[in-house]
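Architecture and fold: a report
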Amino acid sequence: MASAKRAGKTAVKVKYKIKKNDMVMVVAGRDRGKTGKVMRVLRERGRVVVERLNIVKRHSKARGAGSPGGIVDKEAALDISNVMIFCDRCNAPVRVGVKAGDDGAKSRNCRRCGEAIGND
Ligand SMILES: [Zn+2]
């Protein structure tokens, strides 16, 4: 296991069970109850960007051809604690356990039904 300590870094990198391309459900806030695919995990800030969720209007300035400016809908980052992995089989947001298989590879499983989550 690699050491997490590194000089000059104050933010501790926390390992989250949510990864890019996971299906998640928002469990708090304006978009509560909605599901979407994780586009990015901002580990240092403990936030995730979920496709088509937590949309904010961005008023962007024109920057020449290709970006004419105007009001643009954009996904804002959500706090990672406000989203949960969505299990297809349970059809519900679930907690996830991490198990090491016989070959030592870690896999994530739904704590409720045991279904493997996001195998890649
Ligand atoms: Zn499940």
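These numbers come from a predicted model, not from an experiment.

Next up on the list: the sheet that holds strand S2 (residues 35-42). Read across the sheet, six strands follow the order S6-S3-S2-S1-S7-S8 without closing on themselves; strand pairing throughout is antiparallel. Two strands close off the open sheet at either side, each with one partner strand: strand S6 (78-79) and strand S8 (92-94). Here strand S1 (residues 23-26) runs beside strand S7 (residues 83-87); their pairing, made up of three bridges, is antiparallel. Residue Val26 lies in a different strand from S7, and its bridge partner there is Val83.

We now examine a positive patch on the surface. Together, Arg40, Arg45, Arg58 and Lys74 make up a region of like positive charge exposed at the surface. Among the structural elements, Arg45 can be located in the loop between S2 and strand S3 (47-50). Among the residues examined, Arg45 registers a relative accessible area of 57% and is labelled exposed.

Before going further, it helps to spend a moment on the coordination of the zinc ion. The zinc ion binds to the protein through Cys87 (SG), Cys90 (SG), Cys110 (SG) and Cys113 (SG), with metal-donor distances spanning 2.2 to 2.3 Å. Taken together, the four donor atoms coordinating the zinc ion and their angles of 106 to 115° define a geometry best described as tetrahedral. In the primary structure, the donors to the zinc ion are separated according to the pattern C-x2-C-x19-C-x2-C. Take Cys110: its relative accessible area is 4%, and that puts it in the buried class.

Let us now look at the pattern of salt bridges. Across all of its chains, the model carries six salt bridges by this definition. In this structure, Lys34 and Asp31 form a salt bridge, with 3.0 Å as the shortest nitrogen-oxygen distance. Given the relative accessible area of 42%, Lys34 is considered partly exposed. In this structure, Glu51 engages Arg52 in a salt bridge whose closest nitrogen and oxygen atoms are separated by 3.9 Å.

Procedures and definitions
Residues numbered from 1 in each chain as written. Predicted model: local features only at pLDDT ≥ 70, side-chain atom pairs only at ≥ 80, totals over all residues. Heavy atoms only, no water. Pairing = 2+ DSSP bridges. Helix = DSSP H or I, 4+ residues; strand = E, 2+ residues; numbered from the N terminus. Patch = residues over 30% accessible without salt bridge, like charges linked within 9 Å, V, L, I, M, F, W, Y side chains within 5 Å. Areas by Shrake-Rupley, 256 points an atom, 1.4 Å probe, with all protein chains shown as cover. Salt bridge = Lys/Arg side-chain N within 4 Å of Asp/Glu carboxyl O. Lys, Arg positive; Asp, Glu negative; His and termini not counted. Charge placed at Lys NZ, Arg CZ, Asp CG, Glu CD. Buried < 20%, exposed > 50% of the residue type's maximum accessible area, 1.4 Å probe, protein only. Donors = N, O, S within 2.8 Å, 3.2 Å for Na, K, Ca; no water. Tetrahedral: all angles 85-135°; square planar, octahedral: opposite > 155°, others 65-115°.

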